[in-house]
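Per-entry structural report
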Amino acid sequence: SRLLPAFGDAGVAGAGGVLLGHRTDPWIALLAALELEGRFPRESSDVPHVTSAASLYRREAFERLGGFREDLVNASLDSEFNWRVRQSGLRLCFLSEARAHHRFKGTLAGYLRRQFAYGRFRRATPERFLYARDRRAAAEMAATLALCVLACGLSPFAPGGAAACVASACAI
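Residues numbered from 1 in each chain as written. Predicted model: local features only at pLDDT ≥ 70, side-chain atom pairs only at ≥ 80, totals over all residues. Heavy atoms only, no water.

1. Things to note about helix H3 (residues 77-87)
Counted residue by residue, H3 has 8 buried out of 11 residues, so it is predominantly covered. Among the residues of H3, Leu-77, Asp-78, Ser-79, Glu-80, Phe-81, Asn-82, Arg-84 and Val-85 are the ones counted as buried. Contacts from the buried residues of H3 go to strand E1 (12-20), strand E3 (55-57), helix H2 (59-64) and strand E4 (91-101). Of the residues trailing H3, Gly-89 is marked for its positive phi of about 95 degrees. (Buried < 20%, exposed > 50% of the residue type's maximum accessible area, 1.4 Å probe, protein only. Helix = DSSP H or I, 4+ residues; strand = E, 2+ residues; numbered from the N terminus. Contact = heavy atoms within 4.5 Å.)

2. Comments concerning the pattern of salt bridges
Evaluated as defined, the whole model comprises 6 salt bridges. Across the salt bridge formed by Arg-91 and Asp-9, the nearest N and O atoms sit 2.6 Å from each other. Highlighted residues: Arg-91 in strand E4 and Asp-9 in the segment before E1, separated in sequence by 82 residues. On the basis of relative accessible area, Arg-91 is assigned to the partly exposed category, the value being 30%. Among the ionic pairs, Asp-46 bridges to Arg-91, the shortest N-O distance being 2.5 Å. Linking Asp-46 in strand E2 (residues 45-47) with Arg-91 in strand E4, this pair joins segments that are 45 residues apart in sequence. The class for Asp-46 is partly exposed, based on a relative accessible area of 44%. Through salt bridges with shared partners, one network takes in Asp-9, Asp-46 and Arg-91. (Salt bridge = Lys/Arg side-chain N within 4 Å of Asp/Glu carboxyl O.)

3. Examining the side chain of Asp-78
Summarising the element assignment, Asp-78 is placed in helix H3. Classification of Asp-78 as buried rests on a relative accessible area of 10%. At a separation of 2.9 Å, a polar atom in the side chain of Asp-78 contacts the main-chain amide nitrogen of Ser-52. Residues within four places of Asp-78 in sequence aside, it is in contact with His-49, Val-50, Thr-51, Ser-52, Tyr-57 and Phe-68. (Polar contact = N/O pair within 3.5 Å; in protein donor to acceptor, adjacent residues only side chain to side chain.)

Just distances and angles here, no functional claims.
Quick look at the structure:
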């Protein structure tokens, strides 16, 4: 219901909000939630991308633009559709007060597979950066992974050392 006010403007085709993880989720899911949350603007505004996991689209616009491309399965279908929305002259709106809880991948392997799928299908979208903060995302991701590996290697609780710790973090 917090997304609905955006549709008072006829030029808005879609509106989205923030995705939040659950406190009880595994650590990798919480890191994924934090990483994504950091990409959203702090204030409500027009944006180039809203994630389909926490968005609504105006039905007329969705149907006129052909909806999501099914060949993109579950990765990047929203980014490609959002690109078509903006190419048509319509807008996307982010509302910072709209929040949805989401179950992110709970293992490092699952998280990396999801990121690979995003990268694989991202070529379907002519834009390189979806979020205003995407320019830093790759560096932040590498730093997060490096910290995880370093923490496993230095942990006295990691039987078998870093390799065993990382392998257990990657377990499905």
